[in-house]
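# Chain and residue survey
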Amino acid sequence: MIALHTITTRMLPIGIALALAACGGGGGGGGEKSSTSTPDPVQVQPPPVVAVPAPIVSDPGQPGVVVKPAGATSSAVENPAMSALQAIDGSATTRWSSTAVDNAYIQFDFGASTAIGYMKLLWEDSYAKQYAVQVSNDGQNWSQLRYVTDGRGGAEEFFNLGARARYLRVQGVERATQYGYSLFEVEFKSPGNDNTLPTATTSALRYPASGAGWTPLPASAEPLETLQFTLADGTLVTRFGARGLARHGRERGEDWNEIGYGPNDTVDPATGLPVDKGPGNYLTFVPQYFKNRTWGVEIIDNSRVAGVAKPTLIVNQYTTVDFLPGGVAFFRGFDRPGVTGYGWMAPGELVDRDVAVCKPTPYPANGKLATATGINGACTLQVKEYPGHGGLDAAGMPNNVHVPARALAVGDAIEVSPSMFSTTAAMGAIGDTGGIRYYSAEWIYVVGAGLRPWYGVQPRLNSVPLPAATLAGGLGSVSYNYSDNGLFMFQQPHNHIGMQNMQRFVEGRRLVHSSFTTGEHNEPGNDRYAAAVGLQGQRFNQSACIACHVNNGRSPAPAAINQRLDTMSVRVAAIDANGVQSPHPQYGAAVQMNGVSATGARQNWGSGVRVAAFDTRQVTLADGTVVELRKPAIAFDGATPAAVSLRAAQPMMGTGLLEAIPEAEILSHVRSSPDADGVIGVANFVFDPESSAVRLGRFGWKASKASLRHQTASALLADMAVTSPVYRNRSCHTDPAGCGAAAAQPGITEADLQLITQYLALVAVPAQRSMPSGFPRGVAPLDEHRVDAAEVAAGARLFDGMRCVACHTAQMTTGSGHLFAELRNQAIAPYSDLLLHDMGPGLADNLVEGQAKGNMWRTAPLWGIGYTDKVMGSAGSVGYLHDGRARNLTEAILWHDGEAARARQRFEQLSRTDRDAVLAFLKSL
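Analysis parameters
Residues numbered from 1 in each chain as written. Predicted model: local features only at pLDDT ≥ 70, side-chain atom pairs only at ≥ 80, totals over all residues. Heavy atoms only, no water. Helix = DSSP H or I, 4+ residues; strand = E, 2+ residues; numbered from the N terminus. Rg over C-alpha atoms; globule rule 2.2 N^0.38 Å. Contact = heavy atoms within 4.5 Å. Areas by Shrake-Rupley, 256 points an atom, 1.4 Å probe, with all protein chains shown as cover. Lys, Arg positive; Asp, Glu negative; His and termini not counted. Charge placed at Lys NZ, Arg CZ, Asp CG, Glu CD. Buried < 20%, exposed > 50% of the residue type's maximum accessible area, 1.4 Å probe, protein only. Pairing = 2+ DSSP bridges. Polar contact = N/O pair within 3.5 Å; in protein donor to acceptor, adjacent residues only side chain to side chain. Axes fitted to C-alpha atoms, helices over the stretch in contact; angles between N-to-C directions. Core = buried A, V, L, I, M, F, W, Y, C linked by side-chain atoms within 4.5 Å. Disulfide = S-S within 2.5 Å. Parallel < 35°, antiparallel > 145°, perpendicular 65-115°, else oblique. Nonpolar A, V, L, I, M, F, W, Y, C, P; charged D, E, K, R; others polar. Phe/Tyr/Trp six-rings, centres within 6.5 Å; stacked < 30°, edge-to-face > 60°. Lys NZ or Arg CZ within 6 Å of the ring centre and 35° of its normal. Expected span 1.5 Å × (residues − 1). Salt bridge = Lys/Arg side-chain N within 4 Å of Asp/Glu carboxyl O.

## Concerning the overall build of the protein
- Broken down by element type, the protein carries twelve helices and 41 strands.
- The C-alpha radius of gyration of the protein comes to 31 Å, within 12% of the 29 Å expected for a compact globule of 925 residues.
- Seen through its principal axes, the protein has C-alpha atoms that stretch 105 × 65 × 60 Å.
- For the protein, the share of sequence-separated contacts (at least 6 apart) that also reach a separation of at least 24 residues comes to 72%.
- When the accessible surface of the protein is split by element, carbon and sulfur atoms take 54% of a total near 35400 Å².
- On the protein, the mean spot of the 73 positive side-chain charges and the mean spot of the 80 negative ones are 2 Å from each other.

Listed below in structure tokens is the structure:
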């Protein structure tokens, strides 16, 4: 029997509270008056006198049996012929229909306290978008069984009700149409094995007692793909992958130009205020992006070869489909004010200008040229000089002087912009009926060095390499975004991603965006992935990874009472008499809130978790500023477990770089005794789920996962009920000890598990936005580029001075053994030591994971945190910390306690100017 949660108006939004008050609910007693207008009155009918039916004898080991209400009443109806009794008359042609008010209800009387396990609502087209299911024994005091925030009409089934009551009420909160609520039929069944959650065998999760005997993650002698190598004579060879894009890197929703040289839609001429006409289409993903739309680019550079006075770049493209010749643009056209969104100086020189089509070219071997000369054929391009261009005056405007061409020189920054122009016949021959014309990213190639992330300077956002200090994710950092596509900033590959790794990246992204129930992609225009269809269990949290990791970022934060938390993870455990924690016998290690039938129909199994209230307190800073802190209190539709921890999904970018940090570097930050602020840091250790080796934990809120493979397989199982070669049976969710012996169930293949893992490894980190960009006169910068470099620098000094870096370690270096060359030997700035720290009682839960006690959390990386709002977009409210409680960065800092208490106290003492500088620094990351 589940615990019923008594409803009080304190816990509910005003509309719901008024609805309950109107129907005599709310627990009795006087309520506060509201200035909100009162909804239309509801006619409340007293409970009728009914004959007490014979008790239903139910056997929990057998299917539930039909339970027929003795009577039904409701709020006011549309007309007398549509009374509440029409919803239980057994006819699908008659219906109950309320008047057109949100807070209408229908109520069923079973004549006596009755066990109810199942309910089915069959809605007419006028259904409830939001409503509560309540029970009562006296018709006056009501308890909530379920709360629905996303009603969809049709047949809605409720399982595992576990209720015993005389009355059951469906209380409307919000209509989906302008009409009243309308139900054809309502059906009930007693509890039975077809509608009640089973109790599973459980066993405790295993963690090492210590890190004794730990072993590092496996290393690879050679990378999967070579990105750059040097020939014996000093020739530098650089290779990178390209993908088809819809538009160019400086095209946003507004045309922009210097005054007098073309349209500038970025400013309203009447008010002088910035104008936002929407984003460009540069960092987005074109339909069928994973299908025949990636290729490789190779640059062979002899600028450092002894005796070469006039260096040449040889440029080859490796394609899997026909390309039209040329198609690569070089050198930013900075000398033409009228060309801003795109425009280049030179197309390169084809070996054979008369070639008609460039046929597919096989990818070359690692570390070797395809031909001795580097010339692969007629379609090879050569760049032999820095082209002549128009001269500019001190203001960056044309001065009517021609600057002649010159020889290339080491250090020259060349913008490289490939494109894919195929033919309908060639694509159709391989069964691809999609687009044939695409642009690609815009890279900076530095002669004698290789690819570098870039930003735009005067004149006209001319591209130059970003300073090394801004490259949070090393050489793979994402360049500055001038297309207003901030929504996609956590979805980009490493800047120097390999030629074939780009295809692995897009195929892995496809899986992350596909439903493991239907196989459908969440973006239109993409083929269904048949291999993913039906892999999901009956109960799950979400069907696709992207449903929780919004745009590869965080999950939406708890923001409203009764908000369903199925885009977050609710970790739970039972606790035995000895204090040992193990998965909950019904929920497992995490609550799986959603369910579907064998036919795909949605089912409500009573495993929902929602926001019940917000606990608030105020903090007064030294300058008198008052900040309200709040945290969500949650309620379960079913049983409340002994140990509970609400967890937000974490950003997915940069995880490959974290995996590539050597264990020794992470462990070097563990202190044997606390420092002057009490900071110590503890490493978590875990068992490898496949080899049982002891590994250093580095992923998850409590560092309870050792590798991206481990993290991916665990999330597939716990959040999506999808098995894998790591966890072969869904029973692994409740019975870890029996997992290895459990029979394998159909699940994701080894190849697809690797693709997801590889995708996560290759998602890049944005460069720090601490450099002001060179927008032309009169052009409004995008919000993310309104950078005050001095303020950001001051904030960085204060962040260091407050000793936030004692945990949020700024600099780390990856090792040389990762499978991906992109991740090797990179200087990165994650702002995390990946260790556990005591964060005080205010942030503590009561869930233990190895060395991580309830008050201990892994230091969250801060890179990319300034893009949080952009990445969330309109999907929900942004929240920080493990349960999303902090609505902004100031609140997040003020929740810090325990080992972070002294750093927080220093922040509280800052002047407003200094606080703003710290926040500007954080938002630049």
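## A word on the pairing of strand E16 (residues 328-332)
- Of all five residues in E16, five are buried; the element is thus mostly enclosed.
- Pairing of E16 with strand E22 (residues 413-421) involves three bridges; the strand directions are antiparallel. Bridge pairing in E22 links alanine 329 to serine 417.
- Pairing geometry for E16 and strand E17 (residues 344-346), over two bridges, is antiparallel. The partner of phenylalanine 330 across the bridge, within E17, is alanine 346.

## Quick word on the side chain of aspartate 675
- Of note, aspartate 675 is situated in the loop between helix H5 (663-667) and strand E36 (685-687).
- Reaching out from aspartate 675, the side chain makes a polar contact with the backbone nitrogen of aspartate 677 at a distance of 2.9 Å.
- Within the local environment of aspartate 675, its side chain forms a polar contact with the side chain of arginine 803, the two groups lying 3.0 Å apart.
- Discounting chain neighbours no more than four positions away, the residues touching aspartate 675 are Arg803 and Ala806.

## Re the sheet that holds strand E14 (residues 294-301)
- Ordered by their spatial adjacency, six strands build an open sheet running E12-E13-E14-E15-E19-E18, and the pairing between neighbours is antiparallel. Each of the sheet's edge strands pairs with one partner strand only, and the pair in question is strand E12 (228-230) and strand E18 (349-350).
- Here strand E13 (residues 236-243) runs beside E14; their pairing, made up of eight bridges, is antiparallel. Following the sheet pairing, phenylalanine 240 is matched in E14 by valine 297.
- Set on the sheet, helix H3 (residues 501-512) makes contact with E13 and E14; between it and E13 the angle comes to about 25 degrees.

## Observations concerning the nonpolar core
- With 139 residues, the main nonpolar core has Phe330, Phe331, Phe505, Phe516 and Leu922 as its most contacted residues.
- Considering every element that reaches this core, the biggest residue donor is helix H7 (residues 750-762), with seven residues.
- Residue contacts for phenylalanine 505: discarding those within four places in its chain leaves Phe285, Gln491, Gln492, Pro493, Ile497, Tyr759, Leu762 and Val763.
- If you look at the next biggest cluster of nonpolar residues, it comprises 31 residues, including Ala72, Ala104, Met119 and Leu161.

## Focus: the state of the cysteines
- For the coordinates displayed, the defined rule picks out two disulfides.
- The disulfide bridge from cysteine 358 ends at cysteine 379, spanning 2.0 Å between sulfur atoms. An S-S torsion of about -100 degrees defines the bridge between cysteine 358 and cysteine 379 as left-handed. Of this pair, cysteine 358 sits in the loop between E18 and strand E19 (381-383) while cysteine 379 sits in the loop between E18 and E19, and the two are 21 residues apart along the sequence.

## Concerning the environment of proline 651
- Topologically, proline 651 is positioned in the loop between strand E35 (643-647) and helix H4 (655-659).
- Classification of proline 651 as partly exposed rests on a relative accessible area of 23%.
- In this structure the C-alpha to C-alpha distance between proline 651 and valine 779, which are 128 residues apart in sequence, comes to 32 Å.
- When neighbours within four sequence positions are excluded, proline 651 is seen to be in contact with Phe490, Asn552, Gly553 and Arg554.

## So, the packing of H3 against H7
- At a closest axis distance of 7 Å, the pairing of H3 and H7 adopts a crossing angle of 110 degrees. Of the possible angle classes, the one that applies to H3 and H7 is roughly perpendicular. Facing H3, whose interface residues are Asn501, Arg504, Phe505, Glu507, Gly508, Arg509, Leu511 and Val512, H7 presents Asp752, Leu755, Ile756, Gln758, Tyr759 and Leu762.
- Class assignment for the residues of the contact of H3 with H7 results in seven nonpolar, three polar and four charged.

## Describing the sheet that holds strand E29 (residues 569-575)
- On the basis of which strands lie adjacent, the open sheet formed by three strands has the order E30-E29-E35 and antiparallel pairing. The open sheet is flanked by strand E30 (581-582) and E35, the only strands paired with a single partner.
- Note: E29 against E35, five bridges, orientation antiparallel. Opposite valine 570, over in E35, you have leucine 646 as the bridge partner.

## A short note on the packing of aromatic side chains
- A full pass over the atoms with the stated rule returns 22 aromatic pairs.
- Relative to phenylalanine 158, the ring of tyrosine 131 has its centre 6.3 Å away and its plane inclined at 75 degrees; by these criteria the two rings are edge-to-face. Here tyrosine 131 is found in strand E7 (residues 128-136), whereas its partner phenylalanine 158 is found in strand E9 (residues 155-158), with 27 residues between them in sequence.
- Members of the aromatic cluster, each reached through a chain of ring pairs, are Trp454, Tyr455, Tyr480, Tyr482 and Phe775.
- When the ring centre of phenylalanine 285 is taken as origin, the NZ or CZ atom of arginine 243, which lies over that ring, is 3.8 Å away.
- One Lys or Arg, arginine 617, reaches over the ring of tryptophan 895 and ends 4.9 Å from the middle of that ring.

## Things to note about helix H6 (residues 708-720)
- Spanning 13 residues, H6 covers 17 Å between terminal C-alpha atoms, matching the ideal 18 Å at 1.5 Å per step.
- Lining the buried residues of H6 we find strand E28 (539-540), H4, E36 and H7.
- Positive phi appears at alanine 721, one or two residues downstream of H6, with a value of about 55 degrees.

## Let's talk about the pairing of strand E21 (residues 398-403)
- Both strand E20 (residues 389-392) and E21 contribute to a ladder of three bridges, which runs antiparallel. By the bridge assignment for E21, histidine 389 is matched with valine 403.
- In this structure, the hairpin formed by E20 and E21 is closed by a connection of five residues, where glycine 396 is found at a positive phi of approximately 80 degrees.

## Some remarks on the pattern of salt bridges
- Enumeration over the complete set of coordinates arrives at 40 salt bridges.
- Across the pair arginine 647 and aspartate 845 runs a salt bridge whose closest N-O atoms are separated by 3.6 Å. Residue arginine 647 is located in strand E35, and its partner aspartate 845 is located in the loop between strand E40 (836-838) and strand E41 (856-858); the two are separated by 198 residues in the primary sequence.
- The exposure class assigned to arginine 647 is buried, which follows from its relative accessible area of 6%.
- Note that arginine 671 and aspartate 675 form a salt bridge whose closest N and O atoms lie 3.9 Å from each other.
- Arginine 671 sits in the partly exposed class, given a relative accessible area of 25%.

These values are about where atoms sit, not about what they do.
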